[in-house]
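These are the residues of each chain, in order.
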Amino acid sequence: MTQQHSRPQWWHDAVIYQIYPRSFMDANGDGIGDLNGIIQRLDYLANLGVDALWLSPFYRSPQADAGYDVADYRDVDPLFGTLEDFDSMLSGAHERGMRIIVDIVPNHTSSEHVWFQEALASSSGSRERARYMFREGRGEHGEQPPNNWQSVFGGPAWTQVPGEREWYLHLFDTRQPDLDWRNPEVLEEFDNVLRFWLERGVDGFRIDVAHGMIKVPELPDWDGSQEMIEGGNRGPMWDQEEVHEIYRRWNRVLTEFGRDRMMVAEAWVHPPARTARYVRSDEMQQAFNFDYLLTPWDADKLRRVIDTSLESYSAVGAPTTWVMSNHDSVRHASRLGLSHPGQRPNGIDADGEQPDEALGLRRARALIMLTLALPGSAYLYQGEELGLPDHTTMPARYRQDPTFHRTNGEQIGRDGCRVPLPWRADAPAFGFNTTGERWLPQPESYARYSADRQLEDADSTLELYRRLLAMRHEYGLGHGELVWQESSRSDVLSLTNGGVTLVLNLGETPVALPEGQVALQSATDAISHGQLAGNAAVWLTTP
Ligand code: NOJ
């Protein structure tokens, strides 16, 4: 695709749709989504009006962490198809004007990656082991882990090599050994992995665990939390200064292919000013705005996070992104139906508080009207355009997330937000495929949310998304300017961007609307007698 020098780069205002390939669309009927399934749905995505697709990993992998454990970075896992299928999917997307972003998982490989197999077969101190983080254990016989780090998924972050004093580090699952990013061989290998996909024509990369690749050399003990914490997640494995050198280097690799390729950082660091350091002009181009995802249903807090984000990212010349959901978090339609919607529950099961589904959906439809009214780039997670909730009563026997298993079920994990999409109400597996196979069960309620029903319903969530995206594009809101409008109510947000005024009522009582022509509303009952109902939003234009 050609670059237009007179306009900002495409990612400055792009709406990017996350495809979680396992659960998007299953063309071969084995119960796991695939690349041919994505090809079948490219028209759906183009009609929705998104600018780009980000695909979670589809590489060769034993699937210990749903593909975030890569055994071969240059091949497609047979579960998902072939490299030729990838090429067809890419050209099909490009033909329809949508860019493609692929996921790169550089912090760790799969334990089945040839490098790790070679490392296990080699002796301590070897070149093969030097690609990973092998260290002698503590204690007389090395029987204690080298330090006290805990895995993000629960349990120790170290596993002992059988019969040896050496252990290897894995910030995630045992089957995801961490690479040593101070080893030049690792750096070179990943330069070439990026080139491999750039040559195939991808438009960008989503960088997994972008804040975790460099560890403090001495690997000191650390008792801190693995979660994002106020004041910054600054343990000896997170957000180290040296990590930025990697992104400067990758920035140079990308420019070998012109100036229209990009990277987006998955960096759970805080506050936004700290995340913005990943998108300085010689590093990456975008970072996921998780502070926005984590903000409660509270007008003041939303306004503050929006202002801080815009300030922090514009200070480094990067666009702000807006994210509400992804494959690691409870879907916002479910979160917003909880009594404390600000919390980020690590999954919901039948024993936990069940969200108020109608309230969650009503708020989700209102929130997207805020999100898409903001300047910058927005990320949508597959299924949110249908208003999908999580599967909140999934029985334990179906759960696959290593978090659930490594914590003996204490953490529910992320399976609830990863359930296969419902395409047809009256079909096996709700049209996810034609066989009815599915790697995770879908809740019965998904019939109500199926795409076929929503396509026929002018008031559906899908139709709301489609109209919002079209209007956002028409009015250039992605590269517009936000101006807050004062409201007499502390639970109401009002802003203008270009020719559009958004009013979002986060409270329960109706509020008077300002002047303007109603262009779009979040619910059929959102407006009555010039008032905007509670948990509802509207886009107005000036006549
Ligand atoms: C972040 C990914 O989004 C998540 O799904 C994965 O489990 C971890 N990184 C480890 O790769």
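Keep in mind the model is a prediction, meaning the values are calculated, not measured.

**Student:** Which residues make up the environment of Phe-196, and what values do they have?
**Tutor:** With respect to the helices, strands and loops of the structure, Phe-196 is situated in helix 5 (residues 184-200). For Phe-196 and Val-186, which are 10 residues apart along the polypeptide, the C-alpha to C-alpha distance reads 15 Å. Residues contacting Phe-196, with those up to four places away along its chain left out, are Arg-74 and Leu-83.

**Student:** Now, about the domain arrangement of the chain: what can you tell me, with residues and values included?
**Tutor:** The domains assigned to the chain are domain 1 (10-107 + 184-461), domain 2 (114-169) and domain 3 (482-541). For domain 1 versus domain 3, the separation of C-alpha centres amounts to 29 Å. At the junction of the two partners, domain 1 supplies 20 residues and domain 3 supplies 26 residues. Both faces considered, domain 1 and domain 3 share a buried interface measuring about 1900 Å² in area, 65% of it formed by carbon and sulfur atoms. Sorting the residues of domain 1 by area buried against domain 3 places Arg-303, Arg-362 and Met-369 first, and these three jointly supply 36% of that buried surface.

**Student:** Quick one: what's the story with the packing of aromatic side chains, residue by residue and with numbers?
**Tutor:** Across all of its chains, the model carries 27 aromatic pairs by this definition. Ring geometry for Phe-58 versus Trp-197: centroids 5.7 Å apart, planes at 80 degrees, classification edge-to-face. With a gap of 139 residues between them, Phe-58 in the loop between strand 2 (52-55) and strand 3 (59-60) and Trp-197 in helix 5 connect regions that are remote in the sequence. Residue Phe-58 is classed as buried on the basis of its relative accessible area of 0%. Aromatic side chains Phe-116 and Tyr-132 sit 5.0 Å apart centroid to centroid with 80 degrees between the ring planes, which places their arrangement in the edge-to-face category. Of the two residues, Phe-116 sits in helix 4 (residues 114-121) while Tyr-132 sits in the loop between helix 4 and strand 6 (134-136), which places them 16 residues apart along the sequence. Given the relative accessible area of 2%, Tyr-132 is considered buried. Taken together, the ring pairs connect Tyr-73, Trp-181, Phe-190, Tyr-247, Trp-250 and Tyr-278 into an aromatic cluster. When the ring centre of Trp-439 is taken as origin, the NZ or CZ atom of Arg-22, which lies over that ring, is 4.1 Å away. Positioned above the aromatic ring of Phe-134, the side-chain terminus of Arg-129 is 4.7 Å from the ring centre.

**Student:** Give me the pattern of salt bridges: which residues, what numbers.
**Tutor:** Considering all chains together, one arrives at 39 salt bridges under this definition. Residue Arg-418 pairs with Asp-328 through a salt bridge whose shortest N-O separation is 3.1 Å. Residue Arg-418 is found in the loop between helix 12 (402-406) and helix 13 (451-455), and its partner Asp-328 is found in the loop between strand 12 (321-323) and helix 10 (332-335); the two are separated by 90 residues along the sequence. The residues Arg-418 and Asp-328 share a single accessibility class, namely buried. The partner of Asp-525 in a salt bridge is Arg-362, and the shortest N-O contact between them spans 3.0 Å. With Asp-525 in the loop between strand 18 (517-521) and strand 19 (527-528) and Arg-362 in helix 11 (residues 357-371), this pair connects stretches of sequence that are 163 residues apart. The class for Arg-362 is partly exposed, based on a relative accessible area of 23%.

**Student:** Residue-level account of the sheet that holds strand 19, with values.
**Tutor:** The 3 strands lie next to each other as 17-20-19, forming an open sheet whose pairing is antiparallel. The sheet terminates laterally at strand 17 (511-512) and strand 19, the two strands that pair on one side only. Across 2 bridges, the pairing between strand 17 and strand 20 (residues 531-532) is antiparallel. Note that in strand 20 the partner of Val-511 across the bridge is Leu-532.

**Student:** Please set out the nonpolar core residue by residue, giving values where relevant.
**Tutor:** Grouped together as the largest cluster of nonpolar side chains are 143 residues, with contacts concentrated most on Tyr-17, Leu-53, Phe-86, Trp-197, Phe-205, Leu-370 and Trp-539. Per element, the largest residue contribution to this core is 8 residues, and it comes from helix 5. Excluding its chain neighbours within four sequence positions, the residues that come into contact with Trp-197 are Phe-58, Tyr-59, Tyr-73, Arg-74, Asp-75, Leu-83, Phe-86, Val-102, Val-202 and Phe-205. Core analysis: the second largest hydrophobic core is formed by 13 residues, Trp-149, Phe-153, Trp-158 and Leu-171 among them.

**Student:** Residues and numbers for the site of the ligand, please.
**Tutor:** Taken together, 13 residues surround the ligand, and among them Asp-65, Arg-206, Asp-208, His-327 and Asp-328 come closest. His-108 is positioned with one of its side-chain polar atoms (N or O) 3.0 Å from an oxygen atom of the ligand. Arg-414 places a polar side-chain atom, nitrogen or oxygen, 3.0 Å from an oxygen atom of the ligand. In isolation the ligand has 290 Å² of accessible area, and contact with the protein removes 97% of it. Its residues placed into classes, the shell around the ligand shows 4 nonpolar, 2 polar and 7 charged.

About the criteria used
Residues numbered from 1 in each chain as written. Predicted model: local features only at pLDDT ≥ 70, side-chain atom pairs only at ≥ 80, totals over all residues. Heavy atoms only, no water. Helix = DSSP H or I, 4+ residues; strand = E, 2+ residues; numbered from the N terminus. Contact = heavy atoms within 4.5 Å. Domains from an automatic or database assignment. Buried area = accessible area lost by both parts, 1.4 Å probe. Phe/Tyr/Trp six-rings, centres within 6.5 Å; stacked < 30°, edge-to-face > 60°. Buried < 20%, exposed > 50% of the residue type's maximum accessible area, 1.4 Å probe, protein only. Lys NZ or Arg CZ within 6 Å of the ring centre and 35° of its normal. Salt bridge = Lys/Arg side-chain N within 4 Å of Asp/Glu carboxyl O. Pairing = 2+ DSSP bridges. Core = buried A, V, L, I, M, F, W, Y, C linked by side-chain atoms within 4.5 Å. Near = heavy atom within 4 Å. Polar contact = N/O pair within 3.5 Å; in protein donor to acceptor, adjacent residues only side chain to side chain. Areas by Shrake-Rupley, 256 points an atom, 1.4 Å probe, with all protein chains shown as cover. Nonpolar A, V, L, I, M, F, W, Y, C, P; charged D, E, K, R; others polar.

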